[in-house]
Amino acid sequence: MPGPNRLVFSGLEAIALETAGRILAIAEDAVKERNTFRLVLSGGSTPKRLYEVLAASFRTRLPWHRVHFFWGDERCVDPHHPDSNYRLAREAFLEKLDIPGDNIHRMHGEASEPDAAARGYEEEIRRHFGLRLEDPPPCFDLVLLGMGADGHTASLFPGTRGLRETTRWVTANPGPRETTRLTLTPVILNQAAWVIFMVAGADKARMLAEVLDGPFEPERRPAQCIRPASGRLLWLVDEAAAAGRVTTP
């Protein structure tokens, strides 16, 4: 499992500490170079500990007023709903730090028309970066991602149309149990300067091995579609997730 773009840790706590340190380093470089740091937050349960570490131990170590927060995906629920990715980040650390409201760019999962909400978020990104409609996708400084036991990342699930998107940066994509989710697409995710995956748990072991060392089949293993064009990709995984082996049909 160890390799040039993957590191193995004892557990989720160690992954959270490592990721926090890397966020600090990347943010310092970005602020020094451009006076701002653009961070895409991951959904799901894995990043919660990272968010708590940032709020508790990095409160004064990062220039939070220079950080702009975006989301990789969102469930189509109200922002106060327990399943909201925005709510998780807000309660775990955003509301504990002195962050200007204009720096928080959430997806509007509560919108009645998910496709319109996806297009609206794409326009929000375009507006923030000062881009025109015909311009190519921008480069986020850092994208944080997780991976499900089925190989999905963000809300790009196996066999869904979001994996085949070639133009849109944000789309409304089918989710589990006939739900719909908003998600960034590989079109923009693969333009990031840094992509860091955080993966923990024995239930991810088989799929993680397949994603990292198996044949390239992103329709079956969506996390494989994340291949930064010119940025850096890093997998931070715990020992349980790293214990898998590639299986053959």
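Quantities reported herein were computed from a predicted structural model and do not represent experimental measurements.

Participant: Before we move on, could you go through the sheet that holds strand E2 (residues 37–41) and cite the residues and values that matter?
Facilitator: Across the sheet, which stays open at both edges, the 6 strands sit in the order E1-E9-E8-E5-E2-E3 with parallel pairing between neighbours. Among the strands making up the open sheet, the edge pair consists of strand E1 (6–9) and strand E3 (67–71). When the angles between neighbouring strand axes are averaged without regard to direction, this sheet yields 20°. As paired strands, strand E5 (residues 142–145) and strand E8 (residues 194–199) are joined by 3 bridges and run parallel to one another. Bridge assignment links Val-143 to a residue of E8, and that residue is Val-195. Along the sheet, helix H6 (residues 205–213) makes contact with E1, E8 and strand E9 (232–238), crossing E9 at roughly 155°.

Participant: Give a detailed account of the nonpolar core, specifying residues and quantitative values.
Facilitator: One finds Phe-37, Trp-64, Phe-69, Phe-93, Ile-125, Leu-184 and Trp-235 to be the most contacted residues of the largest nonpolar core, which totals 77 residues. Top element by residues in this core is helix H1 (residues 12–34). It accounts for 9 residues. Not counting chain neighbours up to four residues away, the residues in contact with Phe-93 comprise Leu-41, Tyr-51, Leu-54, Ala-55, Trp-64 and Phe-69.

Participant: Describe in detail the packing of aromatic side chains, supporting the description with residues and values.
Facilitator: All chains considered together, the criterion is met by 8 aromatic pairs. With a centroid separation of 4.9 Å and 20° between ring planes, the pair formed by Tyr-51 and Phe-93 is classed as stacked. A residue pair is termed long-range when its members are at least 10 positions apart, and Tyr-51 in helix H2 (residues 48–57) and Phe-93 in the loop between helix H3 (85–92) and helix H4 (114–129) qualify at 42 residues. Ring geometry for Trp-64 against Phe-69: centres 6.2 Å apart, planes inclined by 15°, an arrangement best described as stacked. Through a chain of ring-to-ring contacts, the aromatic side chains of Tyr-51, Trp-64, Phe-69 and Phe-93 assemble into a single cluster. Looking at Arg-61, its charged tip hangs above the ring of Phe-58, at a distance of 4.5 Å from the centre. Seen from the ring of Tyr-86, Arg-106 lies directly overhead, with NZ or CZ sitting 5.5 Å from the centre.

Participant: Which residues make up unusual backbone geometry, and what values do they have?
Facilitator: Although it is not a glycine, Ala-154 sits at a positive phi angle of roughly 50°. Among the secondary structure elements, Ala-154 is positioned in the loop between E5 and strand E6 (170–174). Backbone geometry places Glu-178, a non-glycine residue, at a positive phi of 60°. Judged by relative accessible area, Glu-178 falls into the exposed class, the value being 83%.

Procedures and definitions
- Residues numbered from 1 in each chain as written.
- Predicted model: local features only at pLDDT ≥ 70, side-chain atom pairs only at ≥ 80, totals over all residues.
- Heavy atoms only, no water.
- Pairing = 2+ DSSP bridges.
- Helix = DSSP H or I, 4+ residues; strand = E, 2+ residues; numbered from the N terminus.
- Axes fitted to C-alpha atoms, helices over the stretch in contact; angles between N-to-C directions.
- Contact = heavy atoms within 4.5 Å.
- Core = buried A, V, L, I, M, F, W, Y, C linked by side-chain atoms within 4.5 Å.
- Buried < 20%, exposed > 50% of the residue type's maximum accessible area, 1.4 Å probe, protein only.
- Phe/Tyr/Trp six-rings, centres within 6.5 Å; stacked < 30°, edge-to-face > 60°.
- Lys NZ or Arg CZ within 6 Å of the ring centre and 35° of its normal.

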